[in-house]
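Summary of the model geometry
The lines below spell out each chain.
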Amino acid sequence: MRNSDEIETPRGPARIATDLPAGPLGALLVLGHGAGGDVDAPDLLAVRDAVLGAGVGVIRVTQPYRVAGRRAPAPAAQLDEAWTAVLATLRARHPDVSSWVVGGRSSGARVACRTATAAGAAGIVALAFPLHPPGRPERSRADELRTGLPTLVVNGDRDPFGVPEPGPGVEVATRPGERHDLRRDPAGTAAVVHDWLCAHGWTIH
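Scope of this entry: the structure provided in the associated data block. Note that the structure is a prediction, hence the values are computed from the model and not measured. (Residues numbered from 1 in each chain as written. Predicted model: local features only at pLDDT ≥ 70, side-chain atom pairs only at ≥ 80, totals over all residues. Heavy atoms only, no water.)

Glancing now at the overall build of the chain. The helix and strand tally for the chain stands at five helices and eight strands. Each helix (α) and strand (β) of the chain, taken in turn from the N terminus, gives the series β-β-β-α-β-α-α-β-α-β-β-β-α. For a compact globule of 205 residues, the expected C-alpha radius of gyration is about 17 Å, and the chain comes in at 15 Å, within 12% of that figure. For the chain, buried positions account for 55% of its 205 residues. Working note: accessible area of the chain is about 8,800 Å², and carbon and sulfur atoms make up 52% of it. With 22 positive and 22 negative side-chain charges, the chain shows a separation of 5 Å between the mean positions of the two kinds. (Helix = DSSP H or I, 4+ residues; strand = E, 2+ residues; numbered from the N terminus. Rg over C-alpha atoms; globule rule 2.2 N^0.38 Å. Buried < 20%, exposed > 50% of the residue type's maximum accessible area, 1.4 Å probe, protein only. Areas by Shrake-Rupley, 256 points an atom, 1.4 Å probe, with all protein chains shown as cover. Lys, Arg positive; Asp, Glu negative; His and termini not counted. Charge placed at Lys NZ, Arg CZ, Asp CG, Glu CD.)

This part covers the side chain of Glu 144. Among the secondary structure elements, Glu 144 is positioned in the loop between strand 6 (123–127) and strand 7 (151–156). When sequence neighbours within four positions are dropped, the list of residues in contact with Glu 144 reads Arg 110, Cys 113, Arg 114 and Phe 129. (Contact = heavy atoms within 4.5 Å.)

This part takes up the packing of helix 1 (residues 42–52) against helix 5 (residues 186–199). Between helix 1 and helix 5, the least distance of the axes is 8 Å, while the angle of their chain directions is 45°. By the angle class used here, helix 1 and helix 5 are oblique. Between helix 1 and helix 5 lies a crossing whose hand is right-handed. For the pair helix 1 and helix 5, the contacting residues are Pro 42, Asp 43, Ala 46, Val 47, Ala 50 and Val 51 in the first and Pro 186, Ala 187, Ala 190, Val 193, His 194 and Leu 197 in the second. Its residues placed into classes, the contact of helix 1 with helix 5 shows ten nonpolar, one polar and one charged. (Axes fitted to C-alpha atoms, helices over the stretch in contact; angles between N-to-C directions. Parallel < 35°, antiparallel > 145°, perpendicular 65-115°, else oblique. Left-handed = near helix turned anticlockwise from the far one by under 90°. Nonpolar A, V, L, I, M, F, W, Y, C, P; charged D, E, K, R; others polar.)

Bringing the nonpolar core into the picture now. Membership of the largest hydrophobic core comes to 32 residues, with the highest contact counts inside it found for Val 30, Val 61, Trp 83, Leu 90 and Val 102. Those elements that provide at least two residues to this core are strand 2 (12–19), strand 3 (27–32), strand 4 (56–62), helix 3 (76–93), strand 5 (100–105), helix 4 (107–119) and strand 6. Here the element with the most residues in this core is helix 4; it accounts for six residues. In contact with Trp 83, not counting residues within four places along its chain, are Val 30, Leu 31, Gly 32, Val 61, Gln 63, Val 102, Gly 103, Val 111, Ala 112 and Thr 115. Core analysis: the second largest hydrophobic core is formed by 23 residues, Leu 29, Ala 41, Val 154 and Ala 190 among them. (Core = buried A, V, L, I, M, F, W, Y, C linked by side-chain atoms within 4.5 Å.)

This part is about the pairing of strand 2. A regular strand places its side chains on the two faces of the sheet in alternate fashion. Of all eight residues making up strand 2, six are buried, and the element is well covered by its neighbours. Strand direction decides the pairing type here: strand 1 (residues 2–9) and strand 2, joined by eight bridges, are antiparallel. Across the sheet, the residue bridging to Glu 6 is Arg 15, located in strand 2. Counted along the chain from strand 1 to the antiparallel partner strand 2, the turn is two residues long. Relative to strand 4, strand 2 is paired through five bridges, and the arrangement is antiparallel. The residue of strand 4 that forms the bridge with Thr 18 is Ile 59. (Pairing = 2+ DSSP bridges.)

Our next topic: the sheet that holds strand 3. Pairing is mixed across the open sheet formed by eight strands, whose spatial order is 1-2-4-3-5-6-7-8. Looking at strand neighbours, the two that pair on one side only are strand 1 and strand 8 (170–175), the edges of this open sheet. Adjacent strand axes in the sheet meet at a mean angle of 20° when their direction is disregarded. Across the face of the sheet, helix 1 comes into contact with strand 1, strand 2, strand 3, strand 4, strand 5 and strand 6 while running at roughly 160° to strand 4.

Quick look at the structure:
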């Protein structure tokens, strides 16, 4: 089942695209987009297609600034506030879902990490996590990954934003030949996410 609608947040309306499996639902995976991108990025669509058949619903969230037509991202606190409001509404809409996994690509991955614990997430999927600004490795954002929750990071080995190191609870899958957009082999990236969700018991089969 596929549908889209909008959810009001303190920062304006966010848009959600919901895809639910035809059969039993094991978990819901909520994904955010990159700073100037959208929820139709190849890796996000590939993940959706890969996990639906395993009983995982996917909800892709477009932040209010993108709904309003702006490409420059809102400040981090505003992104987090809107994302948290969306998750609260989604939980009310799907009260029978016991496992919520949050994530996204690039900026969306950072938002998911910063808010996951407060949102009661079971785990995090971080695609193309931007470890640091290009050429500025001293400005590391590694602390955002230290949530205490099971976390999967999928980054390309040629990503100019860097590749995080694995740590307690943080698994890092490095995709050969991929850059920040993870466009060379979206299906391969999605397979990594599928297998990780399966290993944690969040799929139906």
